[in-house]
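# Overview (structure and organization)
Here are the chains, one letter per residue:
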Amino acid sequence: MIRLLLAEDQGMMRGALALLLNLEPDIEVVAEAGTTAEAVAAALRLRPDVALLDIEMPDGSGLDTAATLREKLPRCRVLILTTFGRPGYLRRAMEAGAAGFLVKDGPVEELAVAVRRVLAGERVIDPTLAAAALSAGPNPLTDRERHVLAAAADGATIADIAARLHLSESTVRNYLSAAIGKTGTRNRIEAALSARANGWL
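These lines cover the structure that appears in this document, whether it is placed above or below. (Residues numbered from 1 in each chain as written. Predicted model: local features only at pLDDT ≥ 70, side-chain atom pairs only at ≥ 80, totals over all residues. Heavy atoms only, no water.)

## Let's talk about unusual backbone geometry
Phi is positive for Arg-47, which is not a glycine, with a value near 50 degrees. Inspection of the secondary structure assignment puts Arg-47 in the loop between α2 (36–46) and β3 (50–53). Exposure remark for Arg-47: the relative accessible area of 52% places this residue in the exposed category. One non-glycine residue with positive phi stands out, namely His-166, at about 60 degrees. (Helix = DSSP H or I, 4+ residues; strand = E, 2+ residues; numbered from the N terminus. Buried < 20%, exposed > 50% of the residue type's maximum accessible area, 1.4 Å probe, protein only.)

## Digging into helix α3 (residues 62–72)
Taken together, the buried positions of α3 are Gly-62, Leu-63, Thr-65, Ala-66 and Leu-69. End-on, the buried residues of α3 take up no more than an arc of 155 degrees, which puts them together on one face. Elements that come into contact with the buried residues of α3 comprise α2, β3, β4 (56–57), β5 (60–61), β6 (77–82) and α4 (87–95). The N-cap residue of α3 is Ser-61: its side-chain oxygen and the backbone nitrogen of Leu-63 are 2.9 Å apart. (Arc of directions from axis to C-beta. Contact = heavy atoms within 4.5 Å. Polar contact = N/O pair within 3.5 Å; in protein donor to acceptor, adjacent residues only side chain to side chain.)

## Some words on the sheet that holds strand β2 (residues 27–33)
The pairing of strands in a sheet happens through backbone hydrogen bonds and is either parallel or antiparallel. Sheet architecture is open: 6 strands sit in the order β2-β1-β3-β6-β7-β8, paired in parallel fashion. Each edge of the open sheet is held by one strand with a lone partner, namely β2 and β8 (124–125). In terms of strand pairing, β6 meets strand β7 (residues 100–103) through 4 bridges, oriented parallel. By the bridge assignment, Leu-81 is partnered in β7 with Leu-102. Packing against the sheet, α4 makes contact with β6, β7 and β8, and its axis sits at approximately 150 degrees to β7. (Pairing = 2+ DSSP bridges. Axes fitted to C-alpha atoms, helices over the stretch in contact; angles between N-to-C directions.)

## Quick notes on helix α1 (residues 11–22)
Here α1 is 12 residues long and its end C-alpha atoms lie 16 Å apart, about the 16 Å a rise of 1.5 Å per residue gives. For α1, the complete set of buried residues consists of Arg-14, Leu-17, Ala-18 and Leu-21. Around the axis of α1, the buried residues are gathered within 100 degrees of arc, so they sit on the same side. Facing away from the buried side of α1 by more than 90 degrees, the exposed set consists of Met-12 and Leu-19. In this structure, the buried side of α1 is in contact with β1 (2–7), β2, β3, β6 and α5 (108–119). (Expected span 1.5 Å × (residues − 1).)

## Topic: the nonpolar core
In terms of nonpolar packing, the biggest core is built from 26 residues, with Leu-5, Ala-51, Leu-53, Val-78, Ile-80, Ala-93 and Phe-101 touching the most fellow members. Elements that contribute at least two residues to this core include exactly β1, β2, α2, β3, α3, β6 and α4. Among the elements that take part in this core, α4 stands out by supplying 4 residues, more than any other. Aside from chain neighbours lying at most four places away, what touches Ala-93 is Leu-63, Ile-80, Ala-98 and Phe-101. (Core = buried A, V, L, I, M, F, W, Y, C linked by side-chain atoms within 4.5 Å.)

## Digging into the pattern of salt bridges
As enumerated under the stated definition, the model contains 11 salt bridges in all. When the shortest N-O distance is used, the salt bridge between Arg-186 and Glu-190 registers 2.5 Å. In this structure Glu-190 comes out as partly exposed when scored by relative accessible area, which is 22%. Salt bridges linked by common partners bring Glu-8, Asp-54 and Lys-104 together as one network. (Salt bridge = Lys/Arg side-chain N within 4 Å of Asp/Glu carboxyl O.)

Geometric values such as these leave the question of function open.
Here is the structure:
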């Protein structure tokens, strides 16, 4: 049996996926998690063969969870399943050590096949998203530019961002200016929207 951990923040979706995957003759959902903290704790306790992770969780990102599992439980294969088919997310998932990346609008049969394939050592990537990621190119933003841009996304002032990130106001302006230039946008709000749409934040 393939022992699978399922991390999805929406309870109804999580329950439906668990029910459908448990119908497969060779897959057993050994744990369900609604947060990244629950997912990591369950994975370390139960040592599943495959972790099926959503990206956007209430307490963090499935991408960060994938990186944590790669470090603490390297034999567990990670498969990302998300609503957000963004090229930047795919690149970040692969960098975090994920073995697969699928979007939620595919048939459940494909998901079961993907679970088997990643456990067998294959990479499984949504083909449309793979093509989009290749054409989009790499994330042009540095880590610091991403953090500053993410902090600016809610309309915070330069002073607020500087205080939150423990930077000087002039440094915040420099990072925002660089991010605006790299995204080809007119202001920090547009830059944040563009970066989010590409999966860079």
